[in-house]
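Residues per chain, in single letters:
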Amino acid sequence: MKIYITTPIYYINAEPHIGHVYTTISADTLARFYRMSGYDVFFLTGTDEHGQKIYEAAKIQNITIKELVDRNSGIYKKLWDTLNISYTRFIRTTEPEHEETVKKVFTKLLEKGALYKGNYEGYYCIPCESYAIPEDENNPLCPDCKRPMSKISEPSYFFRMSKYAKQLERYIEENDFVKPDFRKNEVLNFIRDGLYDVSITRKNVEWGISSPTSENYTIYVWFDALINYLSGIGYLQNDNLFSKYWPPDVQFIGKDIIRFHHIIWPCLLLALDLPLPKVIFAHGWWTSGKDKISKSKGNIVSPQKIIEEYGLDPLRYFLLREVPFGLDGEYSEEGFKKRYNSDLVNDLGNLVNRTVNLVETKMAGIIGNEAPEITLANFAISVFEEYEKKMKAIAFSEALEEIWKFISFLNRFLDEKAPWREGCKNVAEILNSTIFGIRVATIMLTPFIPDASLRIWKMLGFDGDPGMEGFKLLNQKLPEGIKVNKREIIFPRKK
RNA sequence: GGCGGGGUAGCUCAGUGGCAGAGCAGCCGGCUCAUACCCGGUAUGCCGGGGGUUCAAGUCCCCCCCUCGCUACCA
């Protein structure tokens, strides 16, 4: 069983922010979940490095383009290392293999008659370097930057997208391709209003892949960028790899790039006679003080700062727990701290700490391997079933809620059994069962908070790594004669 | 303007025509192995407004108000 997961490739002209981090952590968590489920996972991410803005930026900074793209791409790559992102491949659009694939795709589409030469007439925003349709033709302003646009006319290759509208409409109607569900109608309406052909080359862009034609055109960046999902697994280059993983099972995107991914991208694949992705999931935005987080609004949320203060896993946890995946979320320091203290410190951290403490004081640190108490064991099974269902539906916050139901159960279990009480008969059974429960919770938490989970795992005295061994560990009884390690506070209380 | 969501407790939201709910926050008390977890008790609502159907309406129908998306080349 294979699964192919992608993130967008990130445009290196911008500094990575919480939105990039959110998409990538989401994809990573799903990738880890499927790996633990025994799937053969290919997880692709990378950077988008072409376009006029990159060219200008290098000029302004007085460095070569190569220096600029290497440096900025490196910033992303390094950040993903910091965030524990388990990508299979980090693709860069400036790699020769990618550039070659883009040209091959262009040629293939041309041969199939999916591209034709035409003339682009419309409005152009010089500062944005983009074609756009202004709201008011009498006073054409850029929909993006609100500055005046000029009317231009230039030859261009067009992609015959209109031809695939009906086919795409049917695919969307009949499949769970557009996620979340409430986006489905938006996309269908858009298609039903009629699709235009889209221009895919530019005349005046100096930094990009040149078209494999006699004229000197540059392939427009979005076209170049979308092809990464193909070139990343060897399309037209490595047939074994490609046929093994194609089509994508889950593609993560932000809601701002739905158009490209739910319309243009599948049309492109239809033109190439390739099977369409199973799911493209558009997540929401993080806001702060009700505004979209952006540099210009000055309400930047720095992932690095959060990590310095709380650690990586609390950030991963917060992003996926706080908001139902797909909706917008409000970020605030107070909200973060509340989640942290309430869920990670009070519920999970305290459970682990009190249990290990009891094992130390009541059982000299040794855990037995008798079968766990029956209601606990049954609850563990039903929680995992729900968890698995939620994860497969990419409902991260709900999956975490399931885990927390179980963590609450374990805290209650301890309280009701009260193994610290004088004359408590079955201390060993109670504590072994609780440890068994924490072990189950830790395994389920691993895709979300791999580092903290492993630390808990080690503290309980278990060998190996649940991230490597996967969910099959759930069916095993506890190893014999395990001794817990020294107690450590995994999530220190804040303020 | 067109299409589609929402409007229910302080906050986030669940709610199949049949006694208005959960989580978090609050208050009172208990328990206490622990990074104060758990238990018991308690408060809080014109369920956006108006009309209708019904023995019975957050729930179904009609009208209105407010709000948020989408309405093509922003990676």
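Residues numbered from 1 in each chain as written. Chains lettered and ligands numbered in written order. Predicted model: local features only at pLDDT ≥ 70, side-chain atom pairs only at ≥ 80, totals over all residues. Heavy atoms only, no water.

**Q** Can you tell me about the overall build of chain A, naming the residues and giving the values?
**A** The helix and strand inventory of chain A stands at 18 helices and 17 strands. What you see for chain A is a C-alpha radius of gyration of 26 Å, in line with the 23 Å of a compact globule of 495 residues. Dimensions along the principal axes, computed over C-alpha positions, put chain A at roughly 90 × 45 × 40 Å. Counting across all 495 residues of chain A, residues that qualify as buried make up 56%. Excluding contacts between residues fewer than 6 apart, the proportion of contacts in chain A whose partners are at least 24 apart in sequence is 75%. When the accessible surface of chain A is totalled, it reaches about 21,700 Å², and 49% of it is carbon and sulfur. Side-chain charges in chain A split into 64 positive and 66 negative, and the spacing between the mean points of these groups amounts to 2 Å. (Helix = DSSP H or I, 4+ residues; strand = E, 2+ residues; numbered from the N terminus. Rg over C-alpha atoms; globule rule 2.2 N^0.38 Å. Buried < 20%, exposed > 50% of the residue type's maximum accessible area, 1.4 Å probe, protein only. Contact = heavy atoms within 4.5 Å. Areas by Shrake-Rupley, 256 points an atom, 1.4 Å probe, with all protein chains shown as cover. Lys, Arg positive; Asp, Glu negative; His and termini not counted. Charge placed at Lys NZ, Arg CZ, Asp CG, Glu CD.)

**Q** With reference to specific residues and values, describe the pairing of strand 12 (residues 279-283).
**A** Burial of strand 12 is extensive: five of the five residues sit out of reach of the surface. Neither face of strand 12 is left uncovered, since the one carrying V279, F281 and H283 and the one carrying I280 and A282 both have all their residues buried. One ladder, built from two bridges, connects strand 7 (residues 178-179) with strand 12; its direction is parallel. Residue V178 lies in a different strand from strand 12, and its bridge partner there is I280. Pairing analysis gives five bridges linking strand 11 (residues 250-254) to strand 12, with the strands arranged parallel. Bridge pairing in strand 12 links Q251 to I280. Handedness of the strand 11-helix 10 (residues 258-271)-strand 12 crossover: right-handed. (Pairing = 2+ DSSP bridges. Right-handed = clockwise from strand over helix to strand, strands pointing away.)

**Q** Could you give an account of the protein's contact with RNA strand B, naming the residues involved and the relevant values?
**A** Near RNA strand B, the surroundings consist of 46 residues, among which Y11, Y131, R259, V345 and N357 are the closest. For RNA strand B, the backbone makes up 60% of the atoms found within 4 Å of the protein, where backbone means sugar plus phosphate. Contact distances for RNA strand B include 3.5 Å between a sugar or linking oxygen and a backbone N or O atom of I9. The contact in question runs from a sugar or linking oxygen of RNA strand B to an N or O atom on the side chain of N411, over 3.4 Å. Contributing elements (two or more residues each) for the surface near RNA strand B: strand 1 (2-11), strand 5 (130-132), helix 6 (182-192), helix 7 (221-226), helix 10, helix 13 (333-363) and helix 15 (396-417). The greatest single-element share of the surface near RNA strand B, amounting to nine residues, is contributed by helix 13. Looking at the surface near RNA strand B, its residues break down into 23 nonpolar, 11 polar and 12 charged. (Near = heavy atom within 4 Å. Polar contact = N/O pair within 3.5 Å; in protein donor to acceptor, adjacent residues only side chain to side chain. Nonpolar A, V, L, I, M, F, W, Y, C, P; charged D, E, K, R; others polar.)

**Q** Help me get a handle on the domain arrangement of chain A, residues and values and all.
**A** Examined at the domain level, chain A breaks down into domain 1 (2-114 + 160-283) and domain 2 (333-483). On a C-alpha basis, the centres of domain 1 and domain 2 stand 39 Å from each other. With 14 residues of domain 1 at the interface, the matching set in domain 2 holds 17 residues. Summing both sides of the interface, domain 1 and domain 2 together bury roughly 1,300 Å²; the carbon and sulfur share of this comes to 77%. (Domains from an automatic or database assignment. Buried area = accessible area lost by both parts, 1.4 Å probe.)

**Q** Mind laying out the pattern of salt bridges, listing which residues take part and the relevant values?
**A** Pairing between side chains becomes possible if they bear opposite charge and their charged atoms approach one another. In total, this model carries 26 salt bridges according to the counting rule given. Between E95 and R89 there is a salt bridge, with the nearest N and O atoms lying 2.6 Å from each other. Residue classification places R89 among the partly exposed residues on the basis of a relative accessible area of 23%. Among the ionic contacts, a cluster of salt bridges with common partners joins E49, K66, D70 and R92. (Salt bridge = Lys/Arg side-chain N within 4 Å of Asp/Glu carboxyl O.)

**Q** Go over the packing of aromatic side chains, please, and point to the residues and values.
**A** Two numbers describe a pair of aromatic rings. These are the distance of the centres and the angle of the planes. Evaluated as defined, the whole model comprises 46 aromatic pairs. Between F242 and W246, the aromatic rings sit 5.2 Å apart at their centres with planes inclined by 20 degrees, giving stacked as the arrangement. Accessibility assignment for this pair places F242 and W246 in one class, buried. The interplanar angle of 70 degrees and the centroid separation of 5.0 Å between the aromatic rings of F325 and F396 together place this pair among those described as edge-to-face. Of the two residues, F325 is situated in the loop between helix 12 (312-321) and strand 15 (329-330) and F396 in helix 15; the sequence distance between them amounts to 71 residues. The cationic tip of R439 hangs over the ring face of F462; the distance from NZ or CZ to the ring centre is 4.6 Å. The aromatic ring of Y310 is capped on one face by K494, whose charged end is 5.5 Å from the ring centroid. (Phe/Tyr/Trp six-rings, centres within 6.5 Å; stacked < 30°, edge-to-face > 60°. Lys NZ or Arg CZ within 6 Å of the ring centre and 35° of its normal.)

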